[in-house]
Amino acid sequence: MAGISRALVPAGMMEDADVLGCLRSLCYDVAGDAEPVMLDALLRIADLTHLLHGSDWPQAPAPLAKAKLGALLGGPHGQMLGDLFWKNVASIYGLEGCGESVRMAEVHARWPCPA
């Protein structure tokens, strides 16, 4: 985009766009086959606070979802991924004070987080 925008912005044919900044502001679900190549590439544009984990269960059979999670946690980035299971999602929904014991089925009933 930078190459295109350098020519088109001065000509008034498009507005300047911070594509990388926009990509960095998104959240990414790393369920599935994220290791080793895809997660490595994703971490070049997104920081850990923008990564989430959705198991894809029940669409993915439980044994498969569990195996993929094991591959993710056993991969080269496994030690740094702890927050993507609760803390990152809690931050998005403003549930930081609820603690990890809140079940996701209770989230809507407890929104906003009780004092």
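In this text, all values refer to a predicted model and were calculated from it rather than measured experimentally.

How do you make sense of the overall build of the protein chain when you look at a structure like this?
For the protein chain, the helix and strand inventory stands at six helices and two strands. The linear arrangement of helices and strands in the protein chain, starting from the amino end, is α-α-β-α-β-α-α-α. Partitioning the intrachain contacts of the protein chain with sequence separation of at least 6 by distance along the chain shows that 46% fall at a separation of at least 24. Counting only carbon and sulfur atoms, one obtains 60% of the accessible surface of the protein chain, whose full area is about 7900 Å².

How should I be thinking about a nonpolar patch on the surface in this particular structure?
On the surface, a nonpolar cluster with roughly 280 Å² of combined accessible area is contributed by Val19, Leu20, Leu23 and Leu26. Secondary-structure assignment places Leu26 in the loop between α2 (19-25) and β1 (28-29). The exposure class assigned to Leu26 is partly exposed, which follows from its relative accessible area of 43%.

Please clarify how the environment of Lys68 should be interpreted in this entry.
Following the sequence through the fold, Lys68 ends up in helix α4 (residues 62-74). Spatially, the C-alpha atom of Lys68 lies 5.8 Å from that of Gly32, the residues being 36 residues apart in sequence. Beyond its immediate stretch of four places on either side in the chain, Lys68 contacts Gly32 and Asp33.

Just to check I follow, could you spell out the environment of Asp40 for this structure?
Structurally, Asp40 is set in helix α3 (residues 37-42). A relative accessible area of 35% places Asp40 in the partly exposed class. Sequence separation between Asp40 and His77 is 37 residues, and the spatial gap between their C-alpha atoms is 8.3 Å. Within the local environment of Asp40, its side chain forms a polar contact with the side chain of His77, the two groups lying 3.4 Å apart.

What am I meant to see in the confidence of the model for the protein chain here?
Low pLDDT means the predicted atomic positions in that stretch should not be read closely. On average, residues of the protein chain carry a pLDDT of 75, and 76% of them reach 70 or more. Looking over the protein chain, one finds the lowest element-wise mean pLDDT in helix α6 (residues 104-107), namely 48, and the highest in α2, namely 87. Predicted confidence for residues 110-115 stays below pLDDT 50, and this span has seven contacts to residues more than four positions away or in other chains.

I tried to follow the side chain of His53 on my own but got confused; where do I start?
Tracing the chain through its elements places His53 in the loop between β2 (51-52) and α4. Assessed through its relative accessible area of 19%, His53 is described here as buried. Sequence-distant contacts of His53, defined by excluding residues within four places in its chain, comprise Asp29, Val30, Ala31, Leu69, Leu72, Leu84 and Phe85.

The rules we used
Residues numbered from 1 in each chain as written. Predicted model: local features only at pLDDT ≥ 70, side-chain atom pairs only at ≥ 80, totals over all residues. Heavy atoms only, no water. Helix = DSSP H or I, 4+ residues; strand = E, 2+ residues; numbered from the N terminus. Contact = heavy atoms within 4.5 Å. Areas by Shrake-Rupley, 256 points an atom, 1.4 Å probe, with all protein chains shown as cover. Patch = residues over 30% accessible without salt bridge, like charges linked within 9 Å, V, L, I, M, F, W, Y side chains within 5 Å. Salt bridge = Lys/Arg side-chain N within 4 Å of Asp/Glu carboxyl O. Buried < 20%, exposed > 50% of the residue type's maximum accessible area, 1.4 Å probe, protein only. Polar contact = N/O pair within 3.5 Å; in protein donor to acceptor, adjacent residues only side chain to side chain. pLDDT = per-residue confidence, 0-100.

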